[in-house]
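Coordinate analysis (summary)
Now for the letters of each chain:
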Amino acid sequence: MYTRLSVNVNKIATIRNARGGNNPDLIKIVKKIESLGADGITVHPRPDERHITTKDVYEIAEVITTEFNVEGFPDERFLKIINDIRPNQVTLVPDAPNTLTSNRGWNYSDLDINLNLIIEKIKKTGSKVSLFIDPSVEMVRLAVELGADRVELYTGLYAESYQQDKESVILKYIESADYAIKNDLEVNAGHDLDLINLEFFKQAIPALREVSIGHALVCDSLIYGLEKTIQLYLSKLK
Ligand code: PXP
């Protein structure tokens, strides 16, 4: 199965925000990334707007020609953005507002909000809903119960253990992906994927629908340039 590469552009906005101007121009970079063969763009408009701003999301929505994946915690502000722009995919994450980066998936303890109703509402606007979860059958079951279309498996744990223990850590990803697919959920993955660990992950889960990659891809672009870097990432997904 073809696995899509969605490029997370949060870090581009971080660099721009460091100087308060419009360099690099996020919209130009989004267009460039698309022209270089990426299959989608991911953004995470956090409440403090430390990287992607609300304005950025609306502006990208105007120009994007590939899949638009907007991720975030479903508070009122986020849900208004989603309802206004109706992106192709909405990835819901359980982050508290001050979290440095998403570092775990949804759990039963997060369900003090009506996640099933939120998911139902988003789906009615036409967006696919993906739930960011840790790799476990129990969490896939939760995603099924809540009515999600897709899951995004949190790969931070995989990346952390890759050098010492990739053969054993991958097993719970395979098991979770199998269970998801059997229950008609599509499987995405993301967090800390890079040029070293991506290929093994894809080979272990051939039915992987999409990866979203930001930090490592932007870092690699400093060495190889954006064009070559995107080619390298696409080649790991073949
Ligand atoms: N998926 C989710 C839910 C994320 O929050 C992030 C980071 O914004 C990513 C994927 C991409 O992670 P990375 O920047 O490590 O590639």
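Use the structure listed above.
The structure contained in this document is the topic of the report that follows.

Rules used in this analysis
Residues numbered from 1 in each chain as written. Predicted model: local features only at pLDDT ≥ 70, side-chain atom pairs only at ≥ 80, totals over all residues. Heavy atoms only, no water. Salt bridge = Lys/Arg side-chain N within 4 Å of Asp/Glu carboxyl O. Helix = DSSP H or I, 4+ residues; strand = E, 2+ residues; numbered from the N terminus. Buried < 20%, exposed > 50% of the residue type's maximum accessible area, 1.4 Å probe, protein only. Contact = heavy atoms within 4.5 Å. Polar contact = N/O pair within 3.5 Å; in protein donor to acceptor, adjacent residues only side chain to side chain. Patch = residues over 30% accessible without salt bridge, like charges linked within 9 Å, V, L, I, M, F, W, Y side chains within 5 Å. Areas by Shrake-Rupley, 256 points an atom, 1.4 Å probe, with all protein chains shown as cover. Phe/Tyr/Trp six-rings, centres within 6.5 Å; stacked < 30°, edge-to-face > 60°. Pairing = 2+ DSSP bridges. Right-handed = clockwise from strand over helix to strand, strands pointing away.

With that settled, the discussion passes to the pattern of salt bridges. With the rule as written, the count across this model stands at 16 salt bridges. Arg77 is paired through a salt bridge with Glu49; the nearest N and O atoms lie 3.9 Å apart. Note that Arg77 is positioned in helix H4 (residues 76-85) and Glu49 in the loop between strand S2 (40-43) and helix H3 (54-63), a separation of 28 residues in sequence. Taking relative accessible area as the criterion, Glu49 reaches 32% and is therefore assigned partly exposed. Here the residues in one salt-bridge network are Arg4, Glu67, Arg150, Glu186, Arg209 and Glu210, joined through shared partners.

Before going further, it helps to examine the environment of Ser221. Mapped onto the elements, Ser221 comes out in helix H9 (residues 215-224). Judged by relative accessible area, which is 16%, Ser221 ranks as buried. Ignoring sequence-local partners within four residues, the contact set of Ser221 consists of Leu226 and Thr229. Side-chain polar atoms of Ser221 contact the backbone oxygen of Leu217, separated by 2.8 Å.

What follows covers a nonpolar patch on the surface. Together, Leu222, Ile223 and Tyr224 make up a nonpolar patch on the protein surface, roughly 390 Å² of accessible area in all. By the secondary structure assignment, Ile223 is in helix H9. Exposure remark for Ile223: the relative accessible area of 66% places this residue in the exposed category.

Tallied over the entire structure, the rule returns seven aromatic pairs. Aromatic pair Phe132 and Tyr154: ring centres 5.5 Å apart, planes at 75 degrees, arrangement edge-to-face. Here Phe132 is found in strand S5 (residues 128-133), whereas its partner Tyr154 is found in strand S6 (residues 150-154), with 22 residues between them in sequence. Exposure class is identical for Phe132 and Tyr154. Each is buried. When the ring of Tyr158 is compared with that of Tyr173, the centres are 6.0 Å apart and the planes differ by 70 degrees; the resulting orientation is edge-to-face. Members of the aromatic cluster, connected to one another through ring pairs, are Tyr158, Tyr162, Tyr173, Phe200 and Phe201.

Taking every second residue as pointing to the same face, both faces of S2 are buried, with Gly40 and Thr42 on one and Ile41 and Val43 on the other. Direction of pairing for strand S1 (residues 4-8) relative to S2: parallel, over a ladder of three bridges. Note on S2: the bridge partner recorded for Asn8 is Thr42. One crossover worth recording links S2 to the parallel strand S3 (residues 67-72) by way of H3, and it is right-handed.

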